[in-house]
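Given next are the chains, with one letter for each unit.
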Amino acid sequence: MRAPVTRTIDGCRLVLVQGDITTQEVDAIVNAANSRLIGGGGVDGAIRRAGGPAIEEECAAIRADRGGCPTGSAVITGAGRLRARHVIHAVGPVWQGGRHGEADLLASAYRVSLTLAAEHGVRTIAFPSISTGVYGYPVAQAARVALRAVVVGIRGTSLEEVHFVLFSEADFDVYAEALRELLPG
Ligand code: AR6
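Cut-offs applied
- All residue numbers refer to position in the chain's written sequence, counted from 1.
- Two thresholds apply to this predicted model, a pLDDT of at least 70 for residue-level local features and 80 or more for giving and counting side-chain atom pairs, whereas whole-chain, interface and lining totals are computed over all residues.
- The side-chain figures draw on all heavy atoms in the structure; neither hydrogens nor water molecules are used.
- Grid spacing is 1 Å over the protein atoms alone, the probe is 1.4 Å, and a cavity is where that probe fits but cannot get out, while a pocket is an open set with protein on both sides within 12 Å along at least five of seven lines and lining residues have an atom within 4 Å of a point.
- Grid points are joined across faces, edges and corners, and a volume is the space filled by probe spheres set on the points.
- Counting from the N terminus, the helices are the DSSP runs of H or I reaching at least four residues and the strands are the DSSP runs of E reaching at least two.
- Note that Gly is not counted as nonpolar here; it falls among the polar residues with everything else outside the nonpolar set of Ala, Val, Leu, Ile, Met, Phe, Trp, Tyr, Cys and Pro and the charged set of Asp, Glu, Lys and Arg.
- Helix span, as expected, comes to 1.5 Å for every residue beyond the first.
- To sort residues, take the accessible area from a 1.4 Å probe on protein chains only and compare it with the maximum for the residue type: under 20% means buried, over 50% means exposed, and anything in between is partly exposed.
- Only strands that DSSP links by at least two bridges are regarded as paired with each other.
- Between N-to-C directions, angles cover 0 to 180 degrees, with each direction set by a line fitted to C-alpha atoms, over the stretch in contact for helices.
- Contacts: residue pairs with any heavy atoms within 4.5 Å of one another.

Chemist: Help me understand the layout of surface pockets in this model?
Modeler: The gaps of empty space that remain are located by a probe, the size of a water molecule, rolled over the atoms. Empty space within the largest pocket amounts to approximately 580 Å³. Secondary structure elements with two or more residues in the lining of the largest pocket: β3 (28-33), α1 (42-51) and β7 (161-166). It is α1 that provides the largest number of residues to the lining of the largest pocket, a total of 4 residues. When grouped by side-chain class, the residues that make up the lining of the largest pocket number 12 nonpolar, 10 polar and 3 charged.

Written out as structure tokens, the structure reads:
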């Protein structure tokens, strides 16, 4: 298990941790969702199992109302039995080789999540590595896009702490290296 890596940006702590996102003590947990907001595997399955049926009930209401959530965007629900107050369901792109706007869509998924968080008074938030599981986005490239989007997006917000929760040591190491490149020291 890797030790956390931390940077401070404009008074906000950016922390890389290795672990399970469902156990994070934060106001909001971000889910790597799909555009139909229909529960799947990976981190989505873990969040829905831990949070219970209340999350699916709210997702079903959003589906009925607006059909789901476009790729590159996000929606917010309650968090059911999770410790967090909110789940932000962010829809990252499916990797198609890198020339189909994937980087812009991935950055947008992070940006919209931060905007929703700020609108709901969230002070602490945890992100998974969106799109790098089932959706096949190469993790080194995704890490650079994700960290840059968050470092830019947290400036001027009331966010106090942003966690990236990496499931494996390998993913943690890739994010730690990308963070060192982006913010040396
Ligand atoms: N905590 C933190 N990270 C986790 C956890 C966990 N409990 N479980 C898995 N991961 P994925 P995607 C990591 O596939 O690529 C779903 O079916 C995992 O190791 O969950 O955006 C949705 O419904 C990987 O690094 O999300 C969509 O249909 C990362 O989370 C689709 O998969 C993301 O992997 C979204 O695919």
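Chemist: I tried to follow helix α3 (residues 102-119) on my own but got confused; where do I start?
Modeler: At 3.6 residues per turn, the α-helix brings residues three or four places apart onto the same side. A rise of 1.5 Å per residue sets the reference length of α3, with its 18 residues, at 26 Å; its end C-alpha atoms lie 26 Å apart and thus fit the reference within 8%. All buried positions along α3 are accounted for by Glu102, Leu106, Ala107, Ser108, Ala109, Tyr110, Ser113, Leu114, Leu116 and Ala117. Gly121 lies just past α3 and shows a positive phi near 70 degrees.

Chemist: What's the story with the sheet that holds β7 in this structure? I'm lost.
Modeler: Hydrogen bonds between backbone atoms are what pair the strands of a sheet, whose relative direction is either parallel or antiparallel. Pairing in this open sheet of 7 strands is mixed, and the strands run β1-β2-β7-β6-β3-β5-β4 from one edge to the other. Strands at the two margins of the open sheet, each flanked by one partner only, are β1 (5-9) and β4 (74-78). Neighbour to neighbour, the strand axes of the sheet diverge by 20 degrees on average, direction disregarded. On the sheet, helix α5 (residues 169-182) packs against β1, β2 (12-18) and β7 and is oriented at approximately 150 degrees with respect to β2.

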